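Structure at a glance
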Amino acid sequence: MAASSSCPPFFLPKRIGGAHFVDGAWYDNCPLNLAVRLGAEGLLAVEIKGFGLRKRLARRDIPLHTLCPSRPLGMTFFFSPDAAAFSMRLGYLDTLRLYGQEVK
């Protein structure tokens, strides 16, 4: 079982090399602070309204834009080509709106 499927209490953490790992959503489903530690100077967070914990950005001097979907994205664990195409198109159009671009 991979660590990305470890979701306590349903599935126990995965031990890898002496450390325990869980799915990222159980620790931080939008790891902005990690991105800053790795050198990001600006951030675009994509809010998908998914489950899990979201930690606050520790530094206030980093520009942060948050993209929120203008329509519901559907069920979390429903995968289909049509649903994926809808979500990608919606994300594209919402990004244009966020940055003040004309939406066609």
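Residues numbered from 1 in each chain as written. Predicted model: local features only at pLDDT ≥ 70, side-chain atom pairs only at ≥ 80, totals over all residues. Heavy atoms only, no water.

Comments concerning the overall build of the chain
Threshold: Under the DSSP-based scheme used, a helix requires at least four consecutive residues in state H or I and a strand at least two consecutive residues in state E, with every element numbered from the N terminus. Burial status follows relative accessibility: with a 1.4 Å probe on protein chains alone, a residue under 20% of its type maximum counts as buried, one over 50% as exposed, and anything between as partly exposed. We call two residues contacting when some pair of their heavy atoms lies within 4.5 Å.
Secondary structure assignment for the chain yields three helices and four strands. Helices and strands in the chain line up, N terminus first, as β-β-α-α-β-β-α. Burial statistics for the chain: of 104 residues in total, 19% are counted as buried. In the chain, once contacts between residues fewer than 6 apart in sequence are set aside, the share between residues at least 24 apart is 30%.

Focus: the pattern of salt bridges
The test is simple: For this document, the term salt bridge refers to a Lys or Arg side-chain nitrogen within 4 Å of an Asp or Glu carboxyl oxygen.
A full pass over the atoms with the stated rule returns three salt bridges. For Arg54, the salt bridge goes to Glu47, with nearest N and O atoms at 2.7 Å. We classify Arg54 as partly exposed; its relative accessible area is 35%. A salt bridge links Asp94 to Arg97, with the nearest nitrogen and oxygen atoms 2.7 Å apart.

Re helix α3 (residues 81–98)
Convention followed: One less than the residue count of a helix, multiplied by 1.5 Å, gives the span that helix is expected to have. An arc is given here, and it is the one of the directions from the helix axis to the C-beta atoms.
Taking 1.5 Å of rise per residue, 18 residues should cover 26 Å, and α3 covers 25 Å from first to last C-alpha, within 8% of that figure. Residues of α3 that are buried include every one of Leu90, Leu93, Asp94 and Leu96, and no others. Buried residues of α3, viewed axially, fall in a sector of 155 degrees; they line one side. α3 presents Pro81 and Met88 as exposed residues on the side facing more than 90 degrees away from its buried surface. In this structure, the buried residues of α3 make contact with β4 (64–67). A positive phi of about 70 degrees marks Gly100, the residue just after α3.

Here we look at the layout of surface pockets
Let me state the cut-off plainly: Detection works on a 1 Å grid of protein atoms alone, calling trapped sets that fit a 1.4 Å probe cavities and calling open sets with protein on both sides within 12 Å along at least five of seven lines pockets, with lining residues defined by an atom within 4 Å of a point. Grid points are joined across faces, edges and corners, and a volume is the space filled by probe spheres set on the points.
Estimated volume of the second largest pocket: approximately 160 Å³. Gly24, Tyr27, Asp28, Pro31, Asn33, Leu34, Arg37 and Lys55 are the residues that line the second largest pocket. Contributing elements (two or more residues each) for the lining of the second largest pocket: α1 (24–28) and α2 (32–37).

Quick word on the environment of Ala40
Relative to the helices and strands, Ala40 resides in the loop between α2 and β3 (43–46). The class of Ala40 is partly exposed, set by a relative accessible area of 22%. C-alpha of Ala40 to C-alpha of Ile62: the two residues are 22 residues apart in sequence and 8.3 Å apart in space. Leaving out residues up to four positions away in the same chain, Ala40 has contacts with Ala35 and Ile62.

Describing the side chain of Asn33
Along the chain, Asn33 turns up in helix α2. Take Asn33: its relative accessible area is 16%, and that puts it in the buried class. If sequence neighbours within four positions are ignored, Asn33 has contacts with Lys55, Arg56, Leu57 and Ala58.

Scope: geometric values only; no functional claims are made or implied.
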